[in-house]
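Here's the letter readout for the chains.
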Amino acid sequence: MTAHALAGALADERRRSVFAAVVLGARDVPAVVARTGLPARDVATAVRRLTDTGVLVDDGSGLRVDDGWLRDVARSGATPSAPPADRRESILRTFLRDGALTRLPAQRGRRRVLLEHITTHTFEPGLRYPERAVDDALRPWCAGGEADHVTLRRYLVDDMLLTREHGVYWRTGP
């Protein structure tokens, strides 16, 4: 991230209000809503954007500003290595519960992180899988959530993480 991108993350008045509420001690969305008076949906969207960019982190005890990361960005103008891992972990925590999808993210970047995780934990590179085996491997990921294995399989193929030819699939992504 550059200083320009950081400024972009804080350019929106609602995101600045959310940022300020967290700085002043709000640790979750309801607390930020109470402090700012903003609609919960706007707060959730702002929190997601600010955590995606690394400005905020949710470390399990609640939201907080990552002061060290902000200092690093200000000094170097580049993204330190920690936020991408934090972002990835945040996405996985949001969309996976007990090893199953709660739902598929609408945002392509988040969906890609999730699909890569599923691919690397489900399919071995170099092995060929008949469609039935792919479906059987994907069903547990969809147990109890809003996603179904057929949609998940289609996304894996569309994102070129799996390749399909004559009903046989193989891993082509990371």
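Structural data are supplied above this passage.
Attention in this report is confined to the structure presented alongside it. Given the structure is predicted, the values throughout are model-derived calculations rather than measurements. In every chain, residue numbers begin from 1 and rise along the written sequence. In keeping with the model being predicted, local features are shown solely for residues with a pLDDT of at least 70 and side-chain atom pairs are shown and tallied solely at 80 or more, while totals for entire chains, interfaces and linings include all residues. The basis for the side-chain values is all heavy atoms of the structure; hydrogens and waters are excluded.

### As for the nonpolar core
Alright, step 1. We call a set of buried residues a nonpolar core when its members are Ala, Val, Leu, Ile, Met, Phe, Trp, Tyr or Cys and they connect through side-chain atoms within 4.5 Å of each other. Classification of residues uses two cut-offs on accessible area relative to the type maximum, computed with a 1.4 Å probe and protein chains only: under 20% is buried, over 50% is exposed, and between them is partly exposed. Among the nonpolar cores identified, the biggest contains 22 residues, and Leu-101, Leu-114, Leu-138, Leu-152 and Leu-156 are the most heavily contacted of them.
Alright, step 2. Numbering goes from the N terminus for both helices and strands, where a helix is a DSSP run of H or I of at least four residues and a strand is a run of E of at least two. Where this core is concerned, the elements lending two or more residues are helix H6 (82-95), helix H7 (108-122), helix H8 (131-142) and helix H9 (149-158).
Alright, step 3. Not counting chain neighbours up to four residues away, the residues in contact with Leu-152 comprise Leu-101, Leu-104, Leu-115, Ile-118, Leu-138, Trp-141 and Cys-142.
Alright, step 4. Among the nonpolar cores identified, the runner-up in size contains 20 residues, and Val-22, Val-47, Leu-70 and Val-73 belong to it. Whether two residues are in contact is decided by their heavy atoms, any of which lying within 4.5 Å being enough.

### Focus on unusual backbone geometry
Alright, step 1. Positive phi outside glycine occurs at Asp-98, with the angle close to 55°.
Alright, step 2. Positionally, Asp-98 belongs in the loop between strand E3 (96-97) and strand E4 (100-101).
Alright, step 3. A residue is classified by how much of its surface remains accessible, and Asp-98, at 86% relative accessible area, is exposed.

### Overview of H9
Alright, step 1. Inspection of H9 places His-149, Thr-151, Leu-152, Arg-153 and Leu-156 among the buried residues, and these make up the whole buried set.
Alright, step 2. Capping the start of H9, Asp-148 holds a side-chain oxygen 3.1 Å from the backbone nitrogen of Val-150, two or three residues further along.
Alright, step 3. Of the residues flanking the end of H9, it is Met-160, one or two places downstream, whose phi is positive at about 60°. Any pair of N or O atoms that falls within 3.5 Å is considered a polar contact. Within protein, one atom must be able to donate a hydrogen and the other to accept it, and sequence-neighbouring residues count only if both atoms are side-chain atoms.

### Considerations on the sheet that holds strand E5 (residues 128-130)
Alright, step 1. In this description, strands pair whenever DSSP reports at least two bridges between them. One open sheet accounts for 3 strands, arranged E5-E7-E6; its pairing is antiparallel. Since the sheet does not close on itself, it has two edges, and those belong to E5 and strand E6 (162-165), each with one partner. Direction aside, the axes of adjacent strands within the sheet are offset by 30° on average.
Alright, step 2. Bridge count between E6 and strand E7 (residues 168-171): 4 bridges; the pairing is antiparallel. Paired with Arg-164 across the strands is Tyr-169, a residue of E7. Inter-axis angles, ranging from 0 to 180 degrees, are taken between N-to-C directions of lines fitted to C-alpha atoms, where helices are fitted over the stretch in contact.

### Side note on the packing of helix H3 (residues 29-36) against helix H4 (residues 40-53)
Alright, step 1. At their nearest, the axes of H3 and H4 sit 9 Å apart, and the two run at 120° to each other. Classified by the angle between their axes, H3 and H4 sit oblique to one another. Crossing hand, H3 versus H4: right-handed. The segment H3 lies against H4, with Val-29, Val-32, Val-33 and Thr-36 engaging Ala-40, Val-43 and Val-47.
Alright, step 2. Residues are grouped as follows: nonpolar covers Ala, Val, Leu, Ile, Met, Phe, Trp, Tyr, Cys and Pro; charged covers Asp, Glu, Lys and Arg; every other residue, Gly included, is treated as polar. Residue classes in the contact of H3 with H4 are distributed as 6 nonpolar, 1 polar and no charged. Should an angle fall under 35 degrees it is called roughly parallel, over 145 degrees roughly antiparallel, and 65 to 115 degrees roughly perpendicular, with every other angle called oblique. In this scheme the handedness of a crossing depends on how the near helix is turned from the far one: anticlockwise by less than a right angle means left-handed, clockwise means right-handed.

These figures capture arrangement, not role.
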